[in-house]
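# Notes for the structure review
Chain residues, written in single-letter form:
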Amino acid sequence: MVYREAHVADAEESRPTTLIPLSEIALTGIFEISKILTAPARLETTLANVVNLLQSFMQMRHGTVSLLADDGVPDITVGAGWNEGTDDRYRARLPAKAIDQIVATSVPLVVENVSSHPMFSRADADALGASPEVRVSFIGVPIRIDSRVVGTLTIDRVRDGRSIFRLDADVRFLTMIANLIGQTVKLHRVVARDRERLMAESHRLQKQLSELKPPRERKKVRVDGIIGESQAIRGLLAKVGIIAKSHSPVLLRGESGTGKELIAKAIHELSSRANGPFIKINCAALPESVLESELFGHEKGAFTGAIASRKGRFELADKGTLFLDEIGEISPSFQAKLLRVLQEQEFERVGGNHTIKVNVRVVAATNRNLEEAVARNEFRADLYYRINVVPMMLPPLRDRASDIPLLASEFLKNFNRENERDLEFDPASMELLQGCSFPGNVRELENCVRRTATLAPGPAIHQDDFACHHDECLSSILWKSHSERTAQRPPPEIPLAVAPIGRADGPRGNVAAPAPTVPTPQPPARVEAASDAQMSERERLVDAMERSGWVQAKAARILGLTPRQIGYALKKYDIEVKHF
């Protein structure tokens, strides 16, 4: 058994009093150090206390614990007596080559005389206090986390020729201490990473909450009938909340079935006119003679059948909002009459001579390209500028496909309630719905859900229940034939030179408009290039695949086909699908 002398100070003399086995010293040291390592404290403080305690169990002059960051750069360097900002002082005593070798090899290093060892430069020897008269030895062991070296534990001692060192026992003892340090460092780093992750997650959630809960003056807008959480819908509703605060005329643009009437009603209900009436009329549904009476009213006897006076829509909408749907369909002759009312907010009933003044906000809607209509002298430019003060473009359903599951589920819920059924979509059927382009937009989606639910045996709606799964979708056939007719028709000739605003350009005093800035709402099946009509069916199919990056669903939208149909077409013409 190996023993080490323990010296105690006596009043008269210093003499050996007892011999303690090294194993007992090591066990006591490990016990005391384990208590330090498990105590709650800052990591640097904990490691410095370990070095302080080591001096009580080993013959050593200096001890240093050096830890590396994940990228190998020195992170923490502490020793006995460490305090904030003294890392560099302890780091200066570390021999760089020796530390690098321990980290690289993961093997302890024992040097009996640093002055004569090749890994220690003259500066290293001076830093350790070695000289020809003072012989200094060095021991360094790796600190590991699992199999990775994350630092070193080193000590140095003066060899005076009288002390007897058991280097192998010292190395084993230091290695055990280094292993305990490694586990402590691992625990601290895990806790630190978890703390950072939780703080980052908390910050992220706070940011999301601040975005979901805007300031009070920008309260989140909710519109009855508008269902969706897509970015396009959120942006649209935010714009509705801003526009509603003004009294300016609004022009809603977008394809049929995108919810223009719902948006018009939302603008009214969120405005200061909410307590007033919301009156609507479809301008395309009535002939001009009837439309004039409907909008302006008529006096008794004004025409055959006028057995009593009647208020028109403008008069009924006084101090409220009037929604003029399909305003692009009114005749040129009636446009002049409407313009005066919008400008002056006054009119006479049909067959009357009494001027009636009103206070009405007009929200108009159209799916036509009014700029093109102005250029063709089919729509008055002055009326265009009057109604197009605040334009809003409503996104088609294909631009917010993520909302399809929400919309379809809501339509099915309404169907179940009306028909006392309990149907639901299976996952595959919902995927099929999301793959469709729905050129008729939300209205077409609702019709599709209702038609499929009506014919579905239940209790769940499957892919086989949809007409498009059997190439029997009437909407697809409709838009496809429309696309083919459009492709065969020559493109419209739009005048290149236009008259300046205010100059008469025709019998109605129309003026040409600037170049179109709002795209024409069109079914996605429309063939975009005139030359497509001359292509063979195979060439058109390849062209659509090329334009869509060989994504079949996108190519199907371009051609107005279902994904199933385009799959058949690719097989029919033996077209190999490219994968990127």
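Residues numbered from 1 in each chain as written. Predicted model: local features only at pLDDT ≥ 70, side-chain atom pairs only at ≥ 80, totals over all residues. Heavy atoms only, no water.

## Brief notes about the nonpolar core
Counting residues in hydrophobic clusters, the biggest one holds 35 residues, and the most contacted among them are L54, V65, L153, I177 and I181. Every element with two or more residues in this core is listed here: α1 (22-37), α2 (43-57), β3 (62-68), β4 (74-79), β6 (136-145), β7 (148-158) and α6 (167-212). Among the elements that take part in this core, α2 stands out by supplying 8 residues, more than any other. Sequence-distant contacts of L54, defined by excluding residues within four places in its chain, comprise I33, M60, L153, F173, L174 and I177. Listed in part, the 32 residues of the second largest apolar core include I330, V362, A373 and L383. (Core = buried A, V, L, I, M, F, W, Y, C linked by side-chain atoms within 4.5 Å. Buried < 20%, exposed > 50% of the residue type's maximum accessible area, 1.4 Å probe, protein only. Helix = DSSP H or I, 4+ residues; strand = E, 2+ residues; numbered from the N terminus. Contact = heavy atoms within 4.5 Å.)

## Some remarks on helix α19 (residues 552-559)
Residues of α19 that are buried include every one of A555, A556 and L559, and no others. Along the axis of α19, the buried residues cluster in a sector spanning 105°; they form a single face. Summarising the contacts, the buried residues of α19 are in contact with α18 (537-547) and α20 (563-572). (Arc of directions from axis to C-beta.)

## Side note on the packing of aromatic side chains
This structure, assessed with the given rule, holds 7 aromatic pairs. Arranged with centres 6.0 Å apart and planes meeting at 25°, the rings of F296 and F314 form a pair that is stacked. Within this pair, whereas F296 is found in helix α9 (residues 288-296), its partner F314 is found in helix α10 (residues 313-316), the two being separated by 18 residues in sequence. By the burial criterion, F296 is buried, and F314 matches it. An aromatic cluster is defined as three or more aromatic residues linked by ring pairs; in this entry it consists of F296, F314, F334 and F347. (Phe/Tyr/Trp six-rings, centres within 6.5 Å; stacked < 30°, edge-to-face > 60°.)

## Quick notes on the packing of α18 against α19
Axis separation between α18 and α19 bottoms out at 8 Å; the angle between their running directions is 125°. Judged by the inter-axis angle, α18 sits oblique to α19. When you trace α18 past α19, the crossing you get is right-handed. Here R540, L541, A544, M545 and R547 of α18 lie close against α19, whose contacting residues are Q552, A555, I558 and L559. Looking at the contact of α18 with α19, its residues break down into 6 nonpolar, 1 polar and 2 charged. (Axes fitted to C-alpha atoms, helices over the stretch in contact; angles between N-to-C directions. Parallel < 35°, antiparallel > 145°, perpendicular 65-115°, else oblique. Left-handed = near helix turned anticlockwise from the far one by under 90°. Nonpolar A, V, L, I, M, F, W, Y, C, P; charged D, E, K, R; others polar.)

## Considerations on the pattern of salt bridges
Inspection of the entire model under this criterion finds 29 salt bridges. Residue R61 is joined to D156 by a salt bridge in which the shortest nitrogen-to-oxygen separation is 3.4 Å. You can see R61 sitting in the loop between α2 and β3 and its partner D156 sitting in strand β7, a full 95 residues away along the chain. Take D156: its relative accessible area is 4%, and that puts it in the buried class. In this structure, the salt-bridge partner of E315 is R349, at a minimum N-O distance of 2.8 Å. Of this pair, E315 sits in helix α10 while R349 sits in the loop between β13 (346-348) and β14 (355-357), placing them 34 residues apart in sequence. The two residues E315 and R349 agree in class, both being buried. (Salt bridge = Lys/Arg side-chain N within 4 Å of Asp/Glu carboxyl O.)

## Section: the confidence of the model for the protein
Counting all residues, the mean pLDDT for the protein is 78, and 79% of those residues have values of 70 or more. Across residues 481-534, confidence stays below pLDDT 50; counting only partners more than four residues off in sequence or on other chains, it has 81 contacts. (pLDDT = per-residue confidence, 0-100.)

## Comments concerning unusual backbone geometry
For Q345, which is not a glycine, the phi torsion comes out positive at approximately 55°. Mapped onto the secondary structure, Q345 falls in the loop between α11 (332-344) and β13. A positive phi angle, near 55°, is found at E420, a position not held by glycine. When you line up the elements, E420 lands in the loop between α14 (404-419) and β17 (424-425).

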